[in-house]
Amino acid sequence: MLTKWGLAVALAGMLLGAPGTAAAQEQPVDALPGAVSSSVHLKLERDGQVSVTEQINVPPGQHVERTMPLRQSAGPGADRVFTVSDAVVDGGGAVQVDSDNAHLTLQPGVSTLKYSVRGAVADAGDLQAVRWQVSGGWNVPVDRVEVSLLSPKVPQEIMCLAGPLGSADRCAQFEITHTQSMHALTYGLKPGDRMDIAFKVPAGTVPANAVTEEYFSLARAFSLTPATAAGLAGIGLLLIGGLGLVWYARGRDVQAFAEDAGQVELLMTDSRGAITFASPDGVLPGQIGTVIDERVDPVDITATIIDLAVRNYLWIEELPEQDWRIVRLNPADESLRPFERAVYDLLVGEAAEVQLSQLRDLDANPVRTALYVEVVDKQWFARRPDADRNRFWWTGLGVIIGGAALTAVLALTSSLALLGIGVVIGGIAMMFSARLMPARTRRGSALVVQVRGLRGYLHDVSASSLPTQDRETVFSRSLPYAVVLGETDRWLEEFAELDPGADGTPGLYWYGSPAETPNLQNFRRSFPVLVGKLNETVKR
């Protein structure tokens, strides 16, 4: 039982302690004396806005500022935009709101900040995601922030992050209370640190109002999204399909080059016992190079010149100091193919003779055109190889330019710029595969096998295995083919010991030499020089 004095002391203590108790209630529990602290209450309204009431305690002698960002990163090249309205401060302070920030200034004491946030709710499949930066942008340390939340439906998948912007540090505490509301708590925010609250509610709980604004960013423009991944996969399939078609079209050629081709005999004996010459499929030396490498090279024209001499249309005379005179022996007639007539006209034209040292940069375009037409007429190619190759090369270049332009447009307007890069890569692949485009026909592929057999014949045949009277014929008629197939040195070496007159072998009827020695040793040394100089006369 209290005495009268004890009762009096108790009453006096209660009266004297009442103001102190009230003052203590104004500062959040557990806040360090002399530190900024705040208590935030969020309420998700039925219209999708988030109402915020924040009680902030500023110690005596401090002037506090806070900037709340209303634009927050939503990934490369995109911002999540929030709108703050109805912002007021009760107590010592002021708040100003613009399109990018809400700026708060506070005086010492306890102030209450109230505002509404629009843009915090986004649809996310079967749920709605709500997020807001409940604290951040302070210019001073904040010792303690406590958050409570009310929602029309029980929040779930709650996440609370606190610390430097971009960090994944979690708050000290965040949970659903026994009253089905949310409670979160963090301590020790440094200047510039933030506290983010995110949670989800069932879809349709409130109207979604999230706003995302995109801007140019290289990271965003060239980001790998599901859309760009699907587009790149489609471009990749097109490339694979195109290369597959090329591979299929070129398959015959690959098989032709891989087959084991036997020797092809160039000489046949007719019913009268005379030796006749017959090339595979009637192919001429100049045509062989075009069929094999799909282009007209100087050596194809040189081989044709030698062939015209062997067939008595031209006569070649060796002069001193490594020069040659080419004489018109017989006029061009109907037996010549158009490309051979073009070579004949290119070399001698209307002149009776020309000196090789005086020929420079002969324009072989008429010969090239005639040869490309020839290989199509002979059904070795379906289309002119040069036109097919050039068309594909220029198409590839056009695709590259178009892809570069598309990349620029997509980079400036979307996050799909990688699709433009995929188109550019496709164009590059077209340019590099242009060399593979002119596919031979079945007849052309069959000729490739025969030409390989012809090369084997030139490489393996022995002069001693031929009748003496036929050796010079075999040598001369085969020489243009040896030139175009790269077997010149071996062919010259094999027949270098022929000794016209001594062994009954006639001399070279199409080639004149000042040398007194009748054998082919001198010809073996001078002929490669002639071939090289003829190659040099043709403009590439």
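Here, every reference points to the structure presented above.
Since we're looking at a predicted model, the values are computed, not measured.

Draft legend 1. Broad picture of the pattern of salt bridges. Tallied over the full model, the rule gives 14 salt bridges. Note that E146 and R144 form a salt bridge whose closest N and O atoms lie 3.1 Å from each other. The buried category is assigned to R144, whose relative accessible area is 4%. Between R337 and E374 there is a salt bridge whose closest N-O contact spans 2.5 Å. Within this pair, whereas R337 is found in the loop between β21 (323-328) and α6 (338-347), its partner E374 is found in helix α7 (residues 365-377), the two being separated by 37 residues in sequence. Classification of R337 as partly exposed rests on a relative accessible area of 30%. For E374, a relative accessible area of 2% gives the class buried. Through salt bridges with shared partners, a single network forms among R71, D79, D100 and E213.

Draft legend 2. Local environment of the packing of helix α4 (residues 285-293) against helix α10 (residues 442-460). Contact pair α4 / α10: the axes reach a minimum separation of 10 Å and the direction vectors enclose 120 degrees. Seen along the crossing, α4 lies across α10 with a hand that is left-handed. On the side of α4, the interface is formed by I288, V291 and I292, while α10 contributes G444, L447, V448, V451 and L454. Residue composition of the contact of α4 with α10, by class: seven nonpolar, one polar and no charged.

Draft legend 3. Fine view of a nonpolar patch on the surface. On the surface, a nonpolar cluster with roughly 340 Å² of combined accessible area is contributed by L218, F222, I421 and I425. Tracing the backbone shows L218 in helix α2 (residues 218-221). Taking the relative accessible area as the measure of exposure, L218 reaches 56% and is therefore exposed.

Analysis parameters
Residues numbered from 1 in each chain as written. Predicted model: local features only at pLDDT ≥ 70, side-chain atom pairs only at ≥ 80, totals over all residues. Heavy atoms only, no water. Salt bridge = Lys/Arg side-chain N within 4 Å of Asp/Glu carboxyl O. Buried < 20%, exposed > 50% of the residue type's maximum accessible area, 1.4 Å probe, protein only. Helix = DSSP H or I, 4+ residues; strand = E, 2+ residues; numbered from the N terminus. Axes fitted to C-alpha atoms, helices over the stretch in contact; angles between N-to-C directions. Left-handed = near helix turned anticlockwise from the far one by under 90°. Contact = heavy atoms within 4.5 Å. Nonpolar A, V, L, I, M, F, W, Y, C, P; charged D, E, K, R; others polar. Patch = residues over 30% accessible without salt bridge, like charges linked within 9 Å, V, L, I, M, F, W, Y side chains within 5 Å. Areas by Shrake-Rupley, 256 points an atom, 1.4 Å probe, with all protein chains shown as cover.

Honestly, it's all geometry; don't read function into it.
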